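These are the residues of each chain, in order.
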Amino acid sequence: QVQLVETGGGLVQAGGSLRLSCAASGRTFETDAMGWFRQAPGKEREFVATTVWGAGYIYYASYTDSVKGRFTVSRDNVKNSVYLRMNSLKPEDTAVYYCAAGRRGGPDSYEYDYWGRGTQVTVSS
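Rules of the game
- Along each chain, numbering runs from 1 in the same order as the chain's sequence is written.
- Given that this is a predicted model, residues contribute local features only at a pLDDT of at least 70 and side-chain atom pairs are listed and counted only at 80 or more, while totals for whole chains, interfaces and linings are drawn from all residues.
- Hydrogens and water molecules were not included; the side-chain quantities draw on all heavy atoms of the structure.
- For two strands to pair, DSSP has to find at least two bridges joining them.
- Strands are runs of DSSP state E lasting at least two residues, helices are runs of H or I lasting at least four, and both sets are numbered from the N terminus onward.
- Throughout, an axis means a line fitted to C-alpha atoms (over the contacting stretch in the case of helices), and angles, computed between N-to-C directions, take values from 0 to 180 degrees.
- Aromatic rings from Phe, Tyr and Trp, taking only the six-membered ring of Trp, are treated as a pair when their centres fall within 6.5 Å; an angle between ring planes under 30 degrees marks them as stacked, one over 60 as edge-to-face, and anything in between as tilted.
- Each residue's exposure class comes from its accessible area (1.4 Å probe, protein chains only) as a fraction of the maximum for that residue type: buried when under 20%, exposed when over 50%, partly exposed otherwise.
- Any Lys NZ or Arg CZ that is within 6 Å of a ring centre and within 35 degrees of that ring's normal is treated as a charge sitting over the ring.
- Residues grouped as a nonpolar core are buried Ala, Val, Leu, Ile, Met, Phe, Trp, Tyr and Cys residues, joined through side-chain atoms within 4.5 Å.
- Any two residues whose heavy atoms approach within 4.5 Å are treated as being in contact.

1. With respect to the pairing of strand β3 (residues 18–25)
Each regular strand carries side chains that alternate between the two faces of the sheet. Judged from the five bridges that link them, strand β1 (residues 3–7) and β3 form a sheet pairing that is antiparallel. Within β3, the position partnered with Val5 by the bridge is Ala23.

Structure follows, in structure tokens:
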């Protein structure tokens, strides 16, 4: 059974940093996309960042515009994990953050086959 488990969420002041981790089990994802989505109260789930296995046998990262320059997504295939380093956090970053993995990757949730249960990130002003 495939499981994705997120950790690292919490309460932080605006301008602070957090590092989210997502550990996968049940299968490996070396050539799959692994990324992050988030859902704020009353809003739809939105894409945050992803890493995709691509041409040249390297990983490519992409981000939604609102987090570019502040968030960094990375992965460790030995640990079967993906990470999200979040700097210069803003109150509008408050949301439940979900880890996702799948063959296609990209900004749409249907492109991912596996999902974690989420971790809460709250940024106070």
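Back to the write-up after that little detour.
2. Comments concerning the sheet that holds strand β8 (residues 81–86)
Overall, antiparallel pairing links the four strands, which are arranged β1-β3-β8-β7 in an open sheet. The sheet terminates laterally at β1 and β7 (71–76), the two strands that pair on one side only. Here the strands of the sheet are splayed against their neighbours by 15 degrees on average, with no regard to which way each runs.

3. Some thoughts on the packing of aromatic side chains
Under the criterion given, the structure shown has six aromatic pairs. Between Tyr112 and Trp115, the ring centres sit 6.1 Å apart and the planes meet at 65 degrees, which makes this aromatic pair edge-to-face. Owing to a relative accessible area of 4%, Tyr112 belongs among the buried residues under this scheme. On the basis of relative accessible area, Trp115 is assigned to the partly exposed category, the value being 27%. In textbook terms, an aromatic cluster arises when at least three aromatic residues are bridged by ring pairs, as seen for Phe37, Phe47, Tyr112 and Trp115. Geometry around Tyr83 places Arg19 over its ring, the cationic atom sitting 4.2 Å from the centre.

4. Overview of the nonpolar core
Formed by 25 residues in total, the largest nonpolar core has its most connected members in Trp36, Val48, Phe71, Leu84, Met86 and Tyr97. Non-local contacts of Tyr97, meaning those with residues more than four positions away in its chain, are made with Glu6, Leu20, Trp36, Phe37, Arg38, Val48, Phe71, Leu84, Met86, Gly118, Thr119 and Val121. Membership of the second largest hydrophobic core comes to five residues, among which are Phe37, Phe47, Ala100 and Tyr112.

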